[in-house]
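A closer look at the structure
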Amino acid sequence: MSETRKYNRRDFLNKGARFTLALGALGLAGMAVRNALAGQTVWQIDPFQCTQCGRCATDCVLSESAVKCVHAYDLCGYCDLCGGYFKPGVTDLNTGAENMLCPTQAIERTFIEEPYFEYIIHEELCIGCAKCVAGCSSFGNGSLILQIRHDRCVNCNECSIARVCPSDAIHRVPANDPYLIKGDFTAAEQKTWVNKS
Amino acid sequence: MKRKANILFNLERWVSYTSLIFLFLVSLPGSAQVQRFPKPEFETGYTQPSPTTPEPRSDFMAYVDVLVLLLVMSLAAWFLLKKRSRMGILWLSVFSLVYFGFFREGCVCSVGSIQNIALTLFNPSYAISLPIILFFLLPLLFSLFFGRVFCASACPLGVIQDLVILKPLSLPLWLRKTLGLFPYIYLGLAVLLAATSSEFIICRYDPFVGIFRMGAEFSMIVLGIAFLLMGLFVARPYCRFLCPYGVLLGWTSRFSRKHMSITPSACIQCRLCESSCPFDAIDNPSEALNAEQKVVNKRRFLLFLLLIPVWMASGALALYQSHPFLSRAHPDVYLAELLIAHPEMKENKDNLDVQTFLASGKTMEQLVIEAKQIREKYKTGSWILGAFLGLVIGITLMNLFVTRKQEDFLPNKTNCYSCGRCMTYCPVKK
């Protein structure tokens, strides 16, 4: 009977299907390997493409966004009248709450020497709303930028902020060089990132 | 005197303000990187701090994840095939829930990796990382050899549902077959949307990732809890009726070389295992058919075989017709359509996407050209998807009339998750 034979038709077909499926899976993986990077990638915001829309604060999967404001001190003018610190139209440059642009008081201002002031971001307070970034880019040097902080980012397969970013400013960058901080790189310099999705 | 000084001071402020506004007006948006205020030279010996850059999880850890996956699946295969131990599988699944679920926070998973593979195949500029490819490939290869051990032991989405099974109900065949079509639809749509660089729907609607991260938007948490509550009575609802990766695992497991068996030697037809499977994945011995029924079955089988091209053609036509709708999943197409249908939206200051587009300097013509190119891709993709879904429906119907001859209680290799519950019910030991 068929059981006593070494191979029957069903075994043969099963084996054929198994080889076909294995070849298919390996083939797909092999084609994907052509585009494989040696290392991992992580999400990052290109500050030159960022339009400070404010979605970073609301659209991250984390309930407190992984995006925070980062101060690129190299570019800072240490202004007294800081467009990222004071609301526009402020007449009295003091630290009264009505004058502050930051809704969470995450920016600390320290006097250094006449007429310069240092601005430090307290990340634990920052919500990534980009108000200060917009202010600094409009009136100042643009030294305040938004960056995805990798001590917080969970590196989703598809970044939910990237999906809603109106200016496609969020890309994957190599994990060993995970920040795009103004001053370290310029808009003209093309990093080796890949497209948004 | 003091007052006068104040006025003077304010005047100075006013001058500095107007000069600021002037500066703002002359500087064009594109020149944001120009340093308006030079960096000061400090005399007090102030040292400038540098921004902190906390490192992401290292690449090395991604390979550790792959290794853990490999180990878990190998152990699961060993527990199932050599030790025949349900306890082993159970503890492995608890480990995977903690490691891949709560510790790794459910990302990247094999289920979602389908999209990365699809995207990189159709968009060569998307660079994929090697661990993701391995996450996609390893469970499929294991499934080809040992069945769906990945589902039983390693998949965090699967094991969280497996651990909450309380009182599983047996679903009627027609319901299982109908709901069983959804994974194919989900798989097809996920591949279509990923291949056109639109979005990753599997990740976006992942019901459990919010639970793993202990925090997500409200709807995500609600969805996760709803699935878990449903899972008390309908075992593994996501795996059975939605999971797109399960489709691929089903195909590979169907032809697996060494699938787990209910009994270690010969089935004694005791029927103890019959209701042990919470997933209705045990095939009962086939009923003997009389000659007349056989002829009827054969005729119906042939009829449904011949109907397959009809199903495929109508599926292809239906989805081809709906490609304009599907293509709206891509943000560029959506924006272009919105602006053509409602030109007054350009005045809407609250619509960020519209405002950003207008400020970007891109012309409407460029946007429309891009949207049209994307829609062309959808045109091709959607009829292929339709034909595929037609094929699936046709084969599902045809399979209802396959006369198979089976004498024992056997796990259905396509649907069996290799959880090993049935093994404990079998009285035959060795």
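**Focus on the overall build of chain B**
In terms of regular secondary structure, chain B is built from 20 helices and three strands. The C-alpha atoms of chain B give a radius of gyration of 30 Å, which is well past the 22 Å a tight globule of 430 residues would have. Overall size of chain B, expressed as C-alpha extent along the three principal axes, is 110 × 55 × 35 Å. Per-residue burial over chain B gives 38% buried out of 430 residues. Here the contacts in chain B between residues at least 6 apart in sequence split such that 83% fall between residues at least 24 apart.

**A few points about the overall build of chain A**
Secondary structure summary: chain A contains four helices and seven strands in total. Of the regular secondary structure in chain A, the N- to C-terminal order runs α-β-β-α-β-β-β-α-β-α-β. Taking all 197 residues of chain A together, the buried fraction comes to 48%.

**A closer look at the environment of Phe60(B)**
Residues and elements named next belong to chain B. In this structure, Phe60 sits in helix 2 (residues 59-83). Taking the number of C-beta atoms within 10 Å as the measure of exposure, Phe60 has 9 and is therefore exposed. When the C-alpha atoms of Phe60 and Gly45 are compared, they prove to be 41 Å apart, with 15 residues separating the residues in sequence.

**Looking at the domain arrangement of chain B**
A common way to express how large an interface is: the accessible area buried when the components associate. Residues and elements named next belong to chain B. In terms of domains, chain B is made up of domain 1 (61-274 + 413-425) and domain 2 (291-399). On the domain 2 side, the residues contacting the 11 residues of domain 1 number 13 residues. Looking at the side of domain 1 that touches domain 2 residue by residue, the class counts come to six nonpolar, three polar and two charged.

**Considering the pairing of strand 3 (residues 67-71) of chain A**
Each regular strand carries side chains that alternate between the two faces of the sheet. Buried residues dominate strand 3 of chain A, accounting for five of its five residues. Here strand 3 of chain A shows two buried faces, one formed by Val67(A), Cys69(A) and His71(A) and the other by Lys68(A) and Val70(A).

**Here we look at the packing of helix 4 (residues 110-122) of chain B against helix 9 (residues 182-195) of chain B**
Residue and element names in this part refer to chain B. With their axes 8 Å apart at the nearest point, helix 4 and helix 9 run at an angle of 45° to one another. Judged by the inter-axis angle, helix 4 sits oblique to helix 9. Here helix 4 and helix 9 pass one another in a crossing that is right-handed. Each of Ile114, Gln115, Ala118, Leu119 and Phe122 in helix 4 lies in contact with helix 9, whose residues at this interface are Ala190, Val191, Ala194 and Ala195. Across the contact of helix 4 with helix 9, the residue classes break down as eight nonpolar, one polar and no charged.

**What about helix 3 (residues 131-139) of chain A?**
Within helix 3 of chain A, eight of the nine residues are buried, which leaves the element mostly enclosed by the surrounding structure. Regarding helix 3 of chain A, the residues found buried are Lys131(A), Cys132(A), Val133(A), Ala134(A), Gly135(A), Cys136(A), Ser137(A) and Phe139(A).

**Let's talk about the packing of helix 9 of chain B against helix 14 (residues 244-254) of chain B**
All names here are of chain B. The contact between helix 9 and helix 14 brings their axes to 7 Å, and the two run at 110°. In terms of axis orientation, helix 9 runs roughly perpendicular to helix 14. Within the contact between the two elements, helix 9 uses Pro183, Tyr184, Tyr186, Leu187 and Ala190 and helix 14 uses Pro244, Gly246 and Val247. In terms of residue class, the contact of helix 9 with helix 14 is made up of seven nonpolar, one polar and no charged.

**Notes on the interface of chain B and chain A**
Every contact between the two is made by 66 residues of chain B and, on the other side, 65 residues of chain A. The element contributing the most residues to the side of chain B that touches chain A is helix 5 (residues 130-146) of chain B, with seven residues. Grouping the amino acids of the side of chain B that touches chain A by side-chain chemistry returns 36 nonpolar, 19 polar and 11 charged. Bridge count for strand 1 (residues 36-37) of chain A against strand 1 (residues 128-129) of chain B is two bridges, and the pairing is parallel. Each residue of the ladder has a partner; that of Leu37(A), found in strand 1 of chain B, is Ser129(B).

**Side note on the nonpolar core**
One finds Val133(A), Leu146(A), Met73(B), Ala76(B), Ile114(B), Val149(B) and Ala190(B) to be the most contacted residues of the largest nonpolar core, which totals 146 residues. A per-element tally of this core places helix 5 of chain B first, with 10 residues. Core analysis: the next-biggest nonpolar cluster, separate from the first, contains six residues, Leu335(B), Ala336(B), Leu339(B) and Phe357(B) among them.

**Some details on the environment of Ile165(B)**
Residues and elements named next belong to chain B. Relative to the helices and strands, Ile165 is located in the loop between helix 7 (156-162) and helix 8 (173-179). On the neighbour-count criterion, Ile165 (17 C-beta atoms within 10 Å) is partly exposed. Sequence spacing of Ile165 and Arg257 is 92 residues, and the spatial spacing of their C-alpha atoms is 29 Å. Among all residues touching Ile165, those that are not within four sequence positions of it are Gly231, Ala235 and Pro278.

**What to know about the environment of Phe79(B)**
All names here are of chain B. Within the secondary structure, Phe79 sits in helix 2. On the basis of neighbour count, Phe79 is assigned to the buried category, with 25 C-beta atoms found within 10 Å. Sequence separation of Phe79 and Met260 is 181 residues, and the distance between their C-alpha atoms is 9.9 Å. Those residues in contact with Phe79 that sit more than four places away from it in its chain are Ser85, Gly88 and Ile89.

Analysis parameters
- Residue positions within a chain follow its written sequence, with the count starting from 1.
- A letter from A marks each chain and a number from 1 marks each ligand, given out in the order of writing.
- Predicted model: local features are reported for residues with pLDDT of at least 70 only, side-chain atom pairs are reported and counted for 80 or more only, and whole-chain, interface and lining totals are derived from all residues.
- Going along the chain from the N terminus, every DSSP run of H or I of four or more residues is numbered as a helix, and every run of E of two or more is numbered as a strand.
- Atoms counted for the radius of gyration: C-alpha only. Globule rule: 2.2 Å times residue count to the power 0.38.
- Every C-beta atom is placed from the backbone, and the number of other C-beta atoms within 10 Å of a residue's own sets its class: buried at 20 or more, exposed at 12 or fewer, partly exposed in between.
- Contact between residues is assigned whenever the C-beta positions, reconstructed from backbone atoms, fall within 7 Å.
- Where a domain begins and ends is set by an automatic assignment or by a domain database.
- Each residue is assigned to one of three groups, with Ala, Val, Leu, Ile, Met, Phe, Trp, Tyr, Cys and Pro labelled nonpolar, Asp, Glu, Lys and Arg labelled charged, and all others, Gly among them, labelled polar.
- For helices, the fitted line uses only the C-alpha atoms of the stretch in contact; every axis is such a line through C-alpha atoms, and the angle between N-to-C directions lies from 0 to 180 degrees.
- Comment on the angle field: the value is read as roughly parallel under 35 degrees, roughly antiparallel over 145, roughly perpendicular from 65 to 115, and oblique elsewhere.
- Crossings are classed by handedness, with left-handed meaning an anticlockwise turn of the near helix from the far one by less than a right angle and right-handed meaning a clockwise turn.
- At least two DSSP bridges between two strands are needed for those strands to be called paired.
- For the purposes of this analysis, a nonpolar core is taken to be any set of buried Ala, Val, Leu, Ile, Met, Phe, Trp, Tyr and Cys residues that are connected through C-beta atoms within 7 Å.

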